[in-house]
Amino acid sequence: IQQQVEVVQAIRETFTEEIASFYNIFSPISYLKRWFRTETSRGDKEVADLLLENPEQFRAILDVIAGDIAILTQKIIQQGGVDGIYLSTQEIQDERIAPALYQTYIEPSNIAILEVANQVGGTNILHICGFEGASNDVTIFKDYPAQVVNWATHHEDVSLTQGQELFPGKAVLGGFENGKKSLLYQGSKAELQDETRRLLAEAGSKGVLLGADCTVPDDFDLERLDWIRQAAVL
């Protein structure tokens, strides 16, 4: 934990301008899934088996993990100096785990981390991670205590304007698909700027942050983001 704080401090010391900074924190269920990850499985079936075998014990395990992540979150904000966290979570990709099960046994550990981040003054982003092969019912996240919500607008087929209705009082973040076949990755400057204007005309400019559904590819050209910024400020 302390090494992560020191890394954040070192990165922030390199900033030459005033920018907002957010630290990527994975949810307890995401950490647990990674424990079971193999070349052929992302761990969803394995954690689903555990949850169904003993739901109360499963929730207790997530609570323990959440306690450690909460300590990291507090220190990252208070000592590391970031503005908040970017909490990444998603549903278990197993049809046996209905939304009600998720909300009862998994959601409390997610909420606990956001509550700690709020208590120490963070402005926090909830990232509902959806991509090819992973989908979410975004409605089950509507009451999470985050100030900003990011989801896969294209993959989940929930637009920014629909998100504004689903997450009232929160800023919405997204609008652009992140994969290598997407407009964000392949489109021309004119196409990206046209789409930027379309999104803002539809969703407005208040409480709207334009960005990708998830992490962009490693070879992504950052100038493309500046094209979007230029169109957004005009």
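Residues numbered from 1 in each chain as written. Predicted model: local features only at pLDDT ≥ 70, side-chain atom pairs only at ≥ 80, totals over all residues. Heavy atoms only, no water.

> How should I be thinking about the pattern of salt bridges in this particular structure?
Close approach of charged atoms allows side chains of opposite charge to pair. For the coordinates displayed, the defined rule picks out 12 salt bridges. Residues Asp 49 and Lys 45 are paired through a salt bridge, measuring 2.9 Å at the closest nitrogen-oxygen approach. Taken together, the residues Asp 49 and Lys 45, both in helix α3 (residues 44–53) and 4 residues apart, mark about one turn of the helix. The exposure class of Asp 49 is partly exposed, given its relative accessible area of 29%. Residue Arg 96 is joined to Asp 94 by a salt bridge in which the shortest nitrogen-to-oxygen separation is 2.9 Å. According to the relative accessible area criterion, Asp 94 is buried, its value standing at 16%. A single network of salt bridges, built from pairs that share partners, joins Lys 45, Asp 49, Asp 94 and Arg 96. (Salt bridge = Lys/Arg side-chain N within 4 Å of Asp/Glu carboxyl O. Helix = DSSP H or I, 4+ residues; strand = E, 2+ residues; numbered from the N terminus. Buried < 20%, exposed > 50% of the residue type's maximum accessible area, 1.4 Å probe, protein only.)

> Please clarify how the layout of surface pockets should be interpreted in this entry.
If you roll a probe as big as a water molecule over the atoms, it shows you where there is empty space left. There is about 870 Å³ of room inside the largest pocket. Lining the largest pocket are 30 residues, and of these Tyr 86, Ala 212, Asp 213, Cys 214 and Thr 215 sit closest to its centre. Put simply, the parts of the chain that give the lining of the largest pocket at least two residues each are β1 (22–26), β2 (84–89), β3 (125–128) and β6 (208–212). Taken together, the residues that form the lining of the largest pocket break down as 13 nonpolar, 11 polar and 6 charged. (1 Å grid on protein atoms, 1.4 Å probe; cavity = no way out; pocket = protein on both sides within 12 Å on 5 of 7 lines; lining within 4 Å. Points joined across faces, edges and corners; volume = space filled by probe spheres on them. Nonpolar A, V, L, I, M, F, W, Y, C, P; charged D, E, K, R; others polar.)

> Any chance you could explain the environment of Glu 195 here in plain terms?
Residue position: Glu 195 is located in helix α9 (residues 189–203). With near-sequence residues (within four places) excluded, Glu 195 lies in contact with Phe 176 and Leu 183. (Contact = heavy atoms within 4.5 Å.)

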